[in-house]
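Chain by chain, the residues:
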There are 2 protein chains.
Amino acid sequence: MVFAQKNGRTIPKADKIFGISSRAKARIEEKGKEAVINATIGSMMDDEGNLAVLDSVIEVLRTLSPEEYAAYAPIGGTPAFKAAVCKAAFGKFETERYVEVCATPGGTGGIRNTVSNYSCPGDKVLTSDWYWAPYKTICQEIGRDLDTYTMFNEAGSFHLEAFAAKVEELAAAQGRLVIIINTPAHNPTGYSLTDEDWKGVVECLNTASAKGRITLLVDAAYIDFAGDEEAYRSFLPILEELNGNVLSILGYSASKTLTLYGMRCGAMICMAPSPEIAEEFRQVTEFSSRGSWSNCVRAGQTVLARIYEDEELLASVVAQRKEFRDVLIRRGKTFEKTLRAEGLANVPFDAGFFTCIACDDPEAVSEKLAEQDIFVVPLAKGIRISVASISEEKCVRAAKAIAKLMK
Amino acid sequence: MVFAQKNGRTIPKADKIFGISSRAKARIEEKGKEAVINATIGSMMDDEGNLAVLDSVIEVLRTLSPEEYAAYAPIGGTPAFKAAVCKAAFGKFETERYVEVCATPGGTGGIRNTVSNYSCPGDKVLTSDWYWAPYKTICQEIGRDLDTYTMFNEAGSFHLEAFAAKVEELAAAQGRLVIIINTPAHNPTGYSLTDEDWKGVVECLNTASAKGRITLLVDAAYIDFAGDEEAYRSFLPILEELNGNVLSILGYSASKTLTLYGMRCGAMICMAPSPEIAEEFRQVTEFSSRGSWSNCVRAGQTVLARIYEDEELLASVVAQRKEFRDVLIRRGKTFEKTLRAEGLANVPFDAGFFTCIACDDPEAVSEKLAEQDIFVVPLAKGIRISVASISEEKCVRAAKAIAKLMK
């Protein structure tokens, strides 16, 4: 560093994904939309490559009063938002636990506030070896580190044994542990933990929590893009079995569920084992918010609240989202089917924005694909393809080209 | 703590200002708007007690395309925003230094990112003894502490000697130092550093920087509410005299300047002594953003960019803001004049949203005022009155009642 303080962080010169995405855009300028497959984007695009936006949501956003755009929201969120986001996150599920809500800028803010309040500087936070890279950035930014467990066993299932071993090890070593599980439709693999997986996780956490308090953050950013919205919430009742030494927090993001990426509207919702832990959650997360970004965007909160106050409006949002989701699921299945028909397997995949293919030199593979006008994101353990951002036809083309290159 | 980790922070059970503000609102419900003086609010209200919002800004916000609301902005901000925010922050001033911009959620995000990147855990960050309380929250949230110097000497001027002594002490002890100066129209006193004050500050920093790198954050959130917008930027050329061991960063907030409090649109702008330091600023602040809130709200950035791309629109925003500012300045002057006519002095005051009165037991004084339906915020060294949130007539009433109570 020339002037700034490193403070233990690994700071890249440039954002990798942004760099690849810029190259893809430049190639499109040169060769046209049709010729280039830009599978790097973390937002859902329509078949023409334009951002897929829920019209019904934008309509609400356009008609707010000047005060709803301009006024500060309370640090923890407006009361109407807090009520609405619980409905949005929980669906028909009713928890018997103690719920508190803190509004956050997108899903990122909730992850940050969880790490800040339930781990200590120097701690390791645990997630799977396939993970969304910013988890590590979030940890490093506040002096924590990220550790990982092997996500899949050889049968292509969730590797409960590997998970349990790491949980035991870190809970014992630290006397506390924050765990991040991104599901359903995990970013980056698209895997969704099954109810059986979840039962195993809960049992493991209940056992390991004798060695240290455990905070489980379920990053459910993609929960409404995996499949039937109620079916994919079937894991929530299983979390009720967690004991008093485990705090579960649901990370919710309106970025995806309302296609409001750029409005930075999210929430962290605790399902606490006691009223004291819930009240403390409110206090510490509001302190963290105050000391990081202050309050969150009021307009996004009001939009979510309006939608959940108006059954007809909600129905139209849900219906339009289903259309988007159906397209997304078709793309994912088509990509997977084509790839496998060509003799190459993706990492265990269920649904969602992304799917991955494991390989030894992801940078080299993505570079070779770029030469063929196919842009993907190289991760530590393989390449990530955003089926959210390419048409079904391009899914077929991409899968064939990738299989041909990598087989 | 029952479950969370304290991590050295002093976490209050409830937000003090929010508590007082809620009591004021309840009293208004009970006795009516006219009877109650709610001088706790950090936003400008019109004489009827409604949020003062720049219509011209809202009009732009309402007419964005769906993509402008929905799409992610780049982590550091859109290129158009970066260009516009420099014009907005610098006015006619042209710096010879190396400028980089990072978008932040309001002014708060820029303070957070400055502390995170230019100090180390355990460091003390320096500001004046009259200070905006969240500075301390921001420092504590990431393991730093806040130290203060005596802001005013007995003559009621900026206490350059006290400032210099603390700067020397901390720069020597730490080998580096982050300093926050909130001006013009300082929150909470309303003081604006004069050009003479600034020349002294720059000389002091150039000397002290031999003992350690100094980062000077000028929190200019209220820069467009102090008086003539160009006159109040006369300190900017003085910053050009800082040497190569001092990095100055301007903290800008559209919350006040565009009355877009709830859109969380701000920026940190560096005026770096070398291209390397500017480029590093971009890298480290983007890393911090990525690991805290990810990207910032696109709509607010687009609104600012549109305004600065359209001369006519800009002229109408500037004209309407001048109307607001003239009201604000009249209120402040009237409050001060009335108070002094009653024989009580406020803390040295120039302009802005707030003014303060020093006292020994601020909590007791604010409680007694609340009994008289006057709500103010108790700080460590006195009470803070928001002239931004009460009419000129209420400024007179409040000043008289406060003088009567405190004289």
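In what follows, the structure referred to is the one given above.
Summarised in this report is the structure supplied together with it. Remember, it's a predicted structure, so these values are computed and weren't measured experimentally.

1. Things to note about the overall build of chain A
Next, step 1: Secondary structure assignment for chain A yields 15 helices and twelve strands.
Next, step 2: Relative to its length of 407 residues, chain A is compact, with a C-alpha radius of gyration of 21 Å against a globular reference of 22 Å.
Next, step 3: Dimensions of chain A along its principal axes, counting C-alpha atoms only, are 60 × 50 × 50 Å.
Next, step 4: The long-range fraction of contacts in chain A, counting pairs at least 24 apart against all pairs at least 6 apart in sequence, stands at 73%.
Next, step 5: Surface summary for chain A: the accessible area is close to 14,300 Å², and the carbon and sulfur share equals 51%.
Next, step 6: Across chain A, the centroid of the 46 positively charged side chains sits 5 Å from that of the 55 negatively charged ones.

2. Details of unusual backbone geometry
Next, step 1: In the segment running from A:Thr183 into A:Pro184, the intervening peptide bond is cis, with an omega of -10°.
Next, step 2: Looking at where A:Pro184 falls in the secondary structure, it is placed in the loop between β5 (176-182) and α8 (195-208).
Next, step 3: Cis geometry marks the peptide bond from B:Asn187 to B:Pro188, where omega comes out at 20°.
Next, step 4: Among the secondary structure elements, B:Pro188 is positioned in the loop between β5 (176-182) and α8 (195-208).
Next, step 5: For A:Asn7, which is not glycine, the phi torsion reads 50° and is therefore positive.
Next, step 6: Within the secondary structure, A:Asn7 is located in the segment before α1 (16-31).
Next, step 7: Given the relative accessible area of 25%, A:Asn7 is considered partly exposed.
Next, step 8: Backbone geometry at B:Ser294 places phi at a positive 65°, although glycine is not the residue there.

3. A look at the packing of helix α4 (residues 79-90) of chain A against helix α12 (residues 298-309) of chain A
Residues and elements named next belong to chain A.
Next, step 1: Where α4 contacts α12, the two axes come as close as 8 Å, and the packing angle between them is 60°. Taken together, the axes of α4 and α12 lie oblique to each other. Viewed along their axes, α4 and α12 form a crossing whose handedness is left-handed. Seen from α4, the contacting residues are Ala 80, Phe 81, Ala 84, Val 85, Lys 87 and Ala 88; seen from α12, they are Gln 301, Leu 304, Ala 305, Tyr 308 and Glu 309.
Next, step 2: Partitioning the contact of α4 with α12 into residue classes produces eight nonpolar, one polar and two charged.

4. Remarks on the pattern of salt bridges
All names here are of chain A.
Next, step 1: One pass over the structure, following the stated rule, counts 50 salt bridges over all chains.
Next, step 2: A salt bridge links Glu 363 to Lys 16, with the shortest nitrogen-to-oxygen separation between them at 3.5 Å. Placement of the pair is Glu 363 in helix α14 (residues 362-371) and Lys 16 in helix α1, with a sequence separation of 347 residues.
Next, step 3: A relative accessible area of 44% means that Glu 363 is categorised as partly exposed.
Next, step 4: The class of Lys 16 is partly exposed, set by a relative accessible area of 41%.
Next, step 5: Residues participating in the shared-partner salt-bridge network are Asp 224, Glu 229, Arg 233, Arg 321 and Arg 325.

5. Looking at α4(A)
In an α-helix there are 3.6 residues to a turn, and that puts residues three or four apart on one side.
Residues and elements named next belong to chain A.
Next, step 1: Taking 1.5 Å of rise per residue, twelve residues should cover 16 Å, and α4 covers 17 Å from first to last C-alpha, within 8% of that figure.
Next, step 2: Of all the positions in α4, only Phe 81, Ala 84, Val 85, Cys 86, Ala 88, Ala 89 and Phe 90 are classed as buried.
Next, step 3: In this fold, the buried residues of α4 make contact with β2 (98-104), α9 (236-239), β7 (246-253), β8 (266-272) and α12.
Next, step 4: In the segment just after α4, Gly 91 is the residue with positive phi, at about 65°.

6. Some details on the interface of chain A and chain B
Next, step 1: Across the contact, 83 residues belong to chain A and 83 residues belong to chain B.
Next, step 2: With both sides pooled, the region where chain A packs onto chain B buries about 6,700 Å², and carbon together with sulfur makes up 60% of that total.
Next, step 3: Inspection of the chain A/chain B interface yields two salt bridges.
Next, step 4: The salt bridge involving A:Glu141 is made with B:Arg112; its shortest N-O contact spans 2.9 Å.
Next, step 5: For the pair chain A and chain B, the interface holds 43 residue pairs in polar contact (both at pLDDT 80 or more).
Next, step 6: The dominant element in the side of chain A that touches chain B, judged by the number of residues it contributes, is helix α11 (residues 275-290) of chain A, at ten residues.
Next, step 7: Of the residues belonging to the side of chain A that touches chain B, the class tally is 39 nonpolar, 26 polar and 18 charged.

7. Digging into the side chain of B:Arg384
Residues and elements named next belong to chain B.
Next, step 1: Mapped onto the secondary structure, Arg 384 falls in strand β12 (residues 382-386).
Next, step 2: Exposure remark for Arg 384: the relative accessible area of 5% places this residue in the buried category.
Next, step 3: Dropping the residues within four chain positions of it, Arg 384 is found in contact with Ile 17, Ala 39, Thr 40, Asn 187, Pro 188, Phe 354, Thr 355, Cys 356, Val 376, Val 377 and Leu 379.

8. Regarding the sheet that holds strand β11 (residues 377-378) of chain A
Residue and element names in this part refer to chain A.
Next, step 1: With respect to topology, three strands assemble into an open sheet ordered β9-β12-β11, the strand pairing being antiparallel. The sheet is open, and its two borders are formed by β9 (354-358) and β11, each paired with just one other strand.
Next, step 2: With two bridges connecting them, β11 and strand β12 (residues 382-386) associate as antiparallel partners. What sits directly across from Pro 378, in β12, is Ile 383.
Next, step 3: Relative to the sheet, α14 contacts β11 and β12, its axis offset from that of β12 by approximately 45°.

9. What about the environment of A:Leu177?
Residue and element names in this part refer to chain A.
Next, step 1: The residue Leu 177 is located in strand β5 in this model.
Next, step 2: Put simply, Leu 177 and Glu 336 are 159 residues apart on the chain and 35 Å apart in space, counted from C-alpha to C-alpha.
Next, step 3: Beyond its immediate chain neighbours, meaning those up to four positions away, Leu 177 contacts Lys 124, Leu 126, Val 167, Leu 170, Ala 171, Arg 213, Ile 214 and Thr 215.

10. Here's the deal with the pairing of strand β4 (residues 145-149) of chain A
All names here are of chain A.
Next, step 1: Both strand β3 (residues 124-128) and β4 contribute to a ladder of five bridges, which runs parallel. By the bridge assignment, Val 125 is partnered in β4 with Leu 146.
Next, step 2: On the question of chirality, the crossover connecting β3 to the parallel β4 by way of helix α6 (residues 134-141) is right-handed.

11. Section: the sheet that holds β12(B)
Residue and element names in this part refer to chain B.
Next, step 1: Within the open sheet, the three strands sit side by side as β9-β12-β11. Their pairing is antiparallel. One side of each edge strand has no neighbouring strand; the edge strands of this open sheet are β9 (354-358) and β11 (377-378).
Next, step 2: Along the sheet, helix α14 (residues 362-371) contacts β11 and β12; its crossing angle with β12, the most-contacted strand, is approximately 45°.

12. Quick look at helix α2 (residues 55-62) of chain A
Next, step 1: Within the span of α2(A), buried status applies to A:Ser56, A:Val57, A:Ile58, A:Val60 and A:Leu61.
Next, step 2: The inward-facing, buried residues of α2(A) abut α3 (66-70), α12 and α13 (311-341) of chain A together with α3 (66-70) of chain B.

13. A few points about the nonpolar core
Side chains of a nonpolar character, in soluble globular proteins, are inclined to be buried together.
Next, step 1: If you look at the biggest cluster of nonpolar residues, it comprises 229 residues, and the most contacted ones within it are A:Leu205, A:Ile402, B:Leu205 and B:Ile402.
Next, step 2: Core analysis: the next-biggest nonpolar cluster, separate from the first, contains 54 residues, B:Phe3, B:Ile111, B:Ala278 and B:Phe281 among them.

How each quantity is defined
- Residues numbered from 1 in each chain as written.
- Chains lettered and ligands numbered in written order.
- Predicted model: local features only at pLDDT ≥ 70, side-chain atom pairs only at ≥ 80, totals over all residues.
- Heavy atoms only, no water.
- Helix = DSSP H or I, 4+ residues; strand = E, 2+ residues; numbered from the N terminus.
- Rg over C-alpha atoms; globule rule 2.2 N^0.38 Å.
- Contact = heavy atoms within 4.5 Å.
- Areas by Shrake-Rupley, 256 points an atom, 1.4 Å probe, with all protein chains shown as cover.
- Lys, Arg positive; Asp, Glu negative; His and termini not counted.
- Charge placed at Lys NZ, Arg CZ, Asp CG, Glu CD.
- Buried < 20%, exposed > 50% of the residue type's maximum accessible area, 1.4 Å probe, protein only.
- Axes fitted to C-alpha atoms, helices over the stretch in contact; angles between N-to-C directions.
- Parallel < 35°, antiparallel > 145°, perpendicular 65-115°, else oblique.
- Left-handed = near helix turned anticlockwise from the far one by under 90°.
- Nonpolar A, V, L, I, M, F, W, Y, C, P; charged D, E, K, R; others polar.
- Salt bridge = Lys/Arg side-chain N within 4 Å of Asp/Glu carboxyl O.
- Expected span 1.5 Å × (residues − 1).
- Buried area = accessible area lost by both parts, 1.4 Å probe.
- Polar contact = N/O pair within 3.5 Å; in protein donor to acceptor, adjacent residues only side chain to side chain.
- Pairing = 2+ DSSP bridges.
- Right-handed = clockwise from strand over helix to strand, strands pointing away.
- Core = buried A, V, L, I, M, F, W, Y, C linked by side-chain atoms within 4.5 Å.

Don't take any of this as a statement about function, it's just geometry.
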